[in-house]
Amino acid sequence: MKKTATTIAAIAAMLQPVVAQAASFSGRVTLPDGRPAFGAMVTVFDADGERRQTVYAAADGSYAIRTPYAGKLKVRVRLSGFKDGTAEQLVTATGSARLNLTLGTFANLGEMNETLSASAFNARLPWPNIKRDRPAFVSQCNYCHQMGNSWTRIPRDHEQWIAEVEKMENMLAMQSRAEGRVIAETLWKRFDGKPFDASQNYGASSELSRAKVREWLVGDGYTFIHDADVAKDGLLYGTDEGHDILWVLNRETGKIEQYKLPDIDLPRGGIFSGMKLPIGQFTGKHGPHSLAQTSDGRIWITNALSSTLMSFDPRTKAFKTYPVGHDALYPHTIRVDKNDVVWFTIVASNQIGRFDPKTEEMTVTRLPSNGALRWLTDQLFPTLMRIGSWFPDQALHLNLSTHRFFGEQILAFPYGIDVNPVDGSIWYAKLYASKIGRIDPQTMEVKEWDTPLIGPRRPRFDANGIFWIPAFDEGALMRFDPATEKFETFRIPTVGKDEYETPYALNVDKRTGQVWMAANNSDRIIRFDPATKTFFSYPSPTRVTVLRDFSFTEDGQVCSSSSNMPAAAIEDGRPSFICIEPEGGAADRTALGS
Amino acid sequence: MPTENRPGSARLNAVLMVVLALLVGYFGLSANGYLVPAAIALILAALLWLGRAGRLFKAAVLVNLLSGTLLVLVLAFGDFLGDSKLDVSGVSLLVNLLSGGPAVVLLAPALLLGLRPGKPLHAWFNRAAGAA
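Note that the structure is predicted; figures quoted are calculated from it, not measured.

Draft legend 1. Structural view of the environment of Ser-594 of chain A. Residues and elements named next belong to chain A. If you trace the backbone, Ser-594 turns up in the segment after helix H8 (584–592). Sequence separation between Ser-594 and Ala-64 is 530 residues; the distance between their C-alpha atoms is 6.6 Å. Apart from residues no more than four positions distant in its own chain, Ser-594 is found in contact with Ser-26, Tyr-63, Ala-64 and Arg-589.

Dropping the structure here:
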């Protein structure tokens, strides 16, 4: 078979002893014309392809990486705009290799298009009126997954796109009928498989070459690790909403364990059994969604499909289930306050849950409805879901849902939640109503503010009590100071012409003050430095990277779960745990003397 | 057909019910389930206009009002019902829709007041029945 220009140009394998870890590599990465490939990602895969580590090339093209792997390892170099270069290298447990890598050139536009992120494709969609028509697409189609990756841009005829949009509605997308028709029409027109010219710039920086990324593949193509959280034992826990499993990763050994959630007397799909099943890739009954840990070590999980709260004791591996009760619909993001009280949003019924693990008292509080129509929907939506459950797997109740004519705006949708470290107050973001709110944990008094940008999704506080909010629908970051009640907004830089970004979640490293956020339209992780008001872009080594919550390890790594829906659309066909070590690349350079 | 004696309240309520039914039917173009109450409301509007089937009309309006009231009360204050709350509200909603839905419930108080003996609507239905 003809060798392509993308194959490694030069391999100088000089095995030599190395101090600490196995399979260390260093060398230079060059562009096809011989210039240094600043920002190129050098990824080393372990022998069975289940784990990988990545560093970024410096301005002079140099790289150095230490890995715990040994054996016949695959090394890949990747940079936007160029064809991957790959090599295989046999490395002993104490060996290191000098390996120079060269990026290739594409044979044609089609080949280049395969390497573009989804953002390049959905930027070209010919909306009849972009201001009027695209918001529903961003809000409802980008809600769970990328639109424009190789899985979702398959050319379909008009009827197939209409059916596809209706299928998404059966999986809880809430576009109106009119919006759905425009979306189907627009996708049909542009996702035609015809190659086009485009360029993307991920903004290489010196910060990038200091970083290192680690990935661990988990589960199967329909595993959906919605959230990941680093617990006090240093292990990374992930809630698999697809299979009712709690995954646990030991980052040091790479060992992954799984714990099946206990059964419950509900049909498949839980209280959402009236939807077309499975709902997306949710094949279980609980739908574990978000998690947080109390000081006694127990991990608390919101079960979206069964409307229950669940605890997991890492010592005994025992689960315990607590019904949220009443008409609670879709318990969502969960946090723990300084008194070890558990707080969580309940998105589809516009409520906040409060659970005291000491007394096991559960309190559900209804949030302001933000208008008569939203009040009506808040009240009726759980009822419609119950009616649907009488006719399982048919989604008949959607024929009575007001979203069909008003769209998703008919719901308030309290989504993200966090605890202000300064005064202990509870804050939430309403995704569809575009509001943030504060709850006094003593009086339960609620105050809300309109956000200047729409789509506030999963916000977090920094150590000083500043509220950082991702504006999902507008590709921006919002800063809110509770003391002055003033907002400030920052537009996230995109990687290509006419592109937009979809920041799903963020977290603030309270030690450094850095804001880490998901950029799920373009396979990136973004870091924002509040001191300089500067964004830094970390391209993901894996195509189709959709990240959720971020969590920090004691040693400064930033961890998340890669959970596009379905995971089968991810480059590896499976989800992963992913951690960025902001200074990991620099540490490897120092250790290897590069 | 005694059109010349049709009371003003029958005309007004029938017209309003048609307008509301068309509005509900418009929503039904997107959410097809609303076509059912829209159609039933149109039938009730026709009965009202014609002054036919007074007992059926009154029963439907009464059921509609009771189910609608129960629905609102359960949604607003029904937490004490526990897990049964949504079953009660679900049945109430379906019964309300099958008896004309929101197009009827908005007019139901006025209609039921007008259907009391001695009132024009009562006379209208009885007269129509007699004429038939």
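Draft legend 2. Molecular detail of the confidence of the model for chain A. Mean pLDDT for chain A: 94, with 96% of residues reaching 70 or above. Predicted confidence is poor over residues 1–20 of chain A, with pLDDT under 50, and the contacts of this stretch with residues over four places away or in other chains come to 44 contacts.

Draft legend 3. Quick look at the state of the cysteines. All names here are of chain A. Per the counting criterion, the structure on display carries one disulfide over all chains. Paired by a disulfide, Cys-559 and Cys-579 hold their sulfur atoms 2.1 Å apart. Across the S-S bond linking Cys-559 and Cys-579, the dihedral sits near 110°, which makes this disulfide right-handed. Of this pair, Cys-559 sits in strand S36 (residues 558–562) while Cys-579 sits in strand S37 (residues 576–581), placing them 20 residues apart in sequence. Of the two residues, Cys-559 and Cys-579, both sit in the buried class. No disulfide involves Cys-141; its sulfur sits 9.8 Å from that of Cys-144, the nearest cysteine. A residue is classified by how much of its surface remains accessible, and Cys-144, at 22% relative accessible area, is partly exposed.

Draft legend 4. Structural detail: the layout of surface pockets. Residues and elements named next belong to chain A. Empty space within the largest pocket amounts to approximately 950 Å³. Going through the elements one at a time, strand S11 (225–230), strand S15 (288–293), strand S19 (331–336), strand S23 (414–419), strand S31 (506–508) and strand S35 (551–552) are the ones with two or more residues in the lining of the largest pocket. It is S11 that provides the largest number of residues to the lining of the largest pocket, a total of four residues. Residue classes in the lining of the largest pocket are distributed as 12 nonpolar, seven polar and 17 charged. Lining the second largest pocket are 43 residues, with Cys-144, His-145, Met-168, Met-171 and Met-565 positioned closest to its centre. Taken together, the elements giving at least two residues each to the lining of the second largest pocket come down to helix H3 (130–141), helix H4 (158–169) and helix H5 (177–190). Here the element with the most residues in the lining of the second largest pocket is H4; it accounts for five residues.

Draft legend 5. Molecular detail of the pairing of strand S20 (residues 342–346) of chain A. Residue and element names in this part refer to chain A. By the criterion of burial, S20 is predominantly enclosed, with five of the five residues buried. Of the two faces of S20, the one carrying Val-342, Phe-344 and Ile-346 and the one carrying Trp-343 and Thr-345 are both buried. Bridge analysis of S19 against S20 gives four bridges, and the strand direction is antiparallel. Residue pairing for S20: Ile-334 is matched across the bridge by Phe-344. In this antiparallel pair of consecutive strands, S19 and S20, the connection spans five residues, and Asp-340 shows a positive phi of 65°. In the sheet, S20 pairs with strand S21 (residues 351–356) via five bridges, with the strands oriented antiparallel. Note that in S21 the partner of Trp-343 across the bridge is Arg-354. Remark: four residues form the turn of the hairpin made by S20 and S21, two consecutive strands paired antiparallel; Asn-350 in that turn has positive phi of roughly 55°.

Draft legend 6. Highlighting a nonpolar patch on the surface. Together, Trp-390, Phe-391 and Leu-396 of chain A together with Val-63, Val-91 and Val-95 of chain B line one region of the surface with nonpolar side chains, adding up to about 450 Å² of accessible area. Its place among the elements puts Trp-390 of chain A in the loop between helix H6 (372–389) and helix H7 (403–406).

Draft legend 7. Molecular detail of the sheet that holds strand S29 (residues 476–481) of chain A. The antiparallel open sheet is built from four strands, whose spatial order is S27-S28-S29-S30 (chain A). Lying at the two open borders of the sheet, with one neighbouring strand each, are strand S27 (460–461) and strand S30 (486–491) of chain A.

Draft legend 8. Fine view of helix H2 (residues 35–50) of chain B. All names here are of chain B. With 16 residues, H2 extends 22 Å between its outermost C-alpha atoms, agreeing within 8% with the 22 Å of an ideal straight helix rising 1.5 Å per residue. Where H2 is concerned, the buried positions are Pro-37, Ala-38, Ala-41, Leu-44, Ala-45, Leu-47 and Leu-48. Remark: Gly-51 follows H2 within two positions and exhibits a positive phi of approximately 70°.

Draft legend 9. Fine view of the environment of Arg-78 of chain A. Residue and element names in this part refer to chain A. Among the secondary structure elements, Arg-78 is positioned in strand S6 (residues 71–78). Judged by its relative accessible area of 5%, Arg-78 is buried. Put simply, Arg-78 and Arg-386 are 308 residues apart on the chain and 49 Å apart in space, counted from C-alpha to C-alpha. Other than its neighbours up to four places away in sequence, Arg-78 contacts Ala-40, Met-41, Asp-84, Leu-103, Pro-541, Thr-542, Arg-543 and Glu-571. At a separation of 2.9 Å, a polar atom in the side chain of Arg-78 contacts the side chain of Asp-84.

Draft legend 10. Just the pairing of S30 of chain A, in detail. Residues and elements named next belong to chain A. In the sheet, S29 pairs with S30 via six bridges, with the strands oriented antiparallel. Pairing of Arg-479 across the sheet is with Glu-488, part of S30. Hairpin connection, S29 to S30: the antiparallel pair is bridged by four residues, and Glu-485 has positive phi, about 60°.

Draft legend 11. Fine view of unusual backbone geometry. Residue and element names in this part refer to chain A. Pro-278 follows Leu-277 through a cis peptide bond whose omega is -10°. Mapped onto the elements, Pro-278 comes out in the loop between strand S14 (256–260) and S15. Residue Pro-566 follows Met-565 across a cis peptide bond; omega there is -5°. Tracing the sequence through the fold places Pro-566 in the loop between S36 and S37. Positive phi, normally seen in glycine, also occurs at Asp-244, with a value near 55°. Checked against the element boundaries, Asp-244 lands in the loop between strand S12 (236–240) and strand S13 (245–249).

Draft legend 12. Geometry of helix H3 (residues 54–77) of chain B. Over its 24 residues, H3 of chain B runs 34 Å from end to end, which matches the ideal 34 Å to within 8%, given 1.5 Å per residue. All buried positions along H3 of chain B are accounted for by Phe-57, Ala-60, Val-61, Asn-64, Ser-67, Gly-68, Leu-71, Val-74 and Leu-75 of chain B.

Draft legend 13. Main features of the sheet that holds S20 of chain A. Residue and element names in this part refer to chain A. Ordered by their spatial adjacency, four strands build an open sheet running S19-S20-S21-S22, and the pairing between neighbours is antiparallel. Only two strands of the sheet have a single neighbouring strand rather than two, namely S19 and strand S22 (361–366). Taken over all neighbouring pairs, the strand axes of this sheet differ in orientation by 20° on average, direction set aside. Bridge count between S21 and S22: six bridges; the pairing is antiparallel. Bridge assignment links Arg-354 to a residue of S22, and that residue is Thr-363.

Draft legend 14. Here's a closer look at the side chain of Asp-356 of chain A. Residues and elements named next belong to chain A. Mapped onto the elements of the fold, Asp-356 is located in strand S21. Salt bridges are absent for the buried Asp-356, whose nearest opposite-charge side chain, Arg-354, sits at 4.7 Å. A distance of 2.9 Å separates a polar atom in the side chain of Asp-356 from the backbone nitrogen of Lys-358. When neighbours within four sequence positions are excluded, Asp-356 is seen to be in contact with Val-341 and Glu-361.

Draft legend 15. Region of the structure containing the side chain of Arg-548 of chain A. All names here are of chain A. In this fold, Arg-548 is placed in the loop between strand S34 (534–539) and S35. Only 3.1 Å separates the side chain of Arg-548 from the backbone oxygen of Cys-144, close enough to count as a polar contact. Beyond its immediate stretch of four places on either side in the chain, Arg-548 contacts Tyr-143, Cys-144, Phe-224, His-226, Asp-227, Arg-458, Tyr-504, Ala-505, Ser-560, Ser-561 and Ser-563.

Thresholds, definitions, all that
What you see as residue numbers is a count from 1 along each chain, following the sequence as written. Chain A is the first chain written and ligand 1 is the first ligand written, with later ones labelled in order. With the structure being a predicted model, the display of local features is reserved for residues of pLDDT at least 70 and the display and counting of side-chain atom pairs for 80 or more, all residues being used for whole-chain, interface and lining totals. By convention in this description, side-chain values take in all heavy atoms of the structure and omit both hydrogens and water. Working definition: helices are DSSP H or I runs of at least four residues, strands are E runs of at least two. Numbering for both runs from the N terminus. Contacts were defined at the residue level, with two residues in contact if any of their heavy atoms lie within 4.5 Å. Known as pLDDT, the predictor's confidence for each residue is given on a scale from 0 to 100. Throughout, disulfides are identified as pairs of cysteine sulfur atoms within 2.5 Å of each other. For every residue, the accessible area (1.4 Å probe, protein chains only) is compared with the maximum for its type, and the residue is labelled buried under 20%, exposed over 50%, or partly exposed between those bounds. Buriedness for pockets is judged along seven lines, at least five of which must meet protein on both sides within 12 Å for an open set on the 1 Å grid over protein atoms alone, while cavities are sets there where a 1.4 Å probe fits but cannot get out, and lining residues have an atom within 4 Å of a point. Grid points are joined across faces, edges and corners, and a volume is the space filled by probe spheres set on the points. Residues are sorted three ways: Asp, Glu, Lys and Arg are charged, Ala, Val, Leu, Ile, Met, Phe, Trp, Tyr, Cys and Pro are nonpolar, and all the rest, Gly among them, are polar. Pairing between strands is defined by DSSP: at least two bridges between them are needed. Nonpolar side chains (Val, Leu, Ile, Met, Phe, Trp, Tyr) are joined into patches within 5 Å and like charges within 9 Å, using only residues with over 30% relative accessible area and no salt bridge. Working definition of accessibility: Shrake-Rupley area with a 1.4 Å probe, residue cover restricted to the visible protein chains. Basic side-chain nitrogens of Lys or Arg form a salt bridge, by our definition, when they fall within 4 Å of a carboxyl oxygen of Asp or Glu. A helix's residues, less one, multiplied by 1.5 Å, set its expected span. Pairs of N or O atoms within 3.5 Å make up the polar contacts considered here, provided that, within protein, one atom can donate a hydrogen while the other can accept it, and that residues adjacent in sequence are counted only when both atoms are side-chain atoms. Fitted lines through C-alpha atoms serve as axes, helices being fitted only where they are in contact, and the angles separating the N-to-C directions of these axes extend from 0 to 180 degrees. Charged-residue counts in this description rest on Lys and Arg as positive and Asp and Glu as negative, His and the chain ends being excluded.

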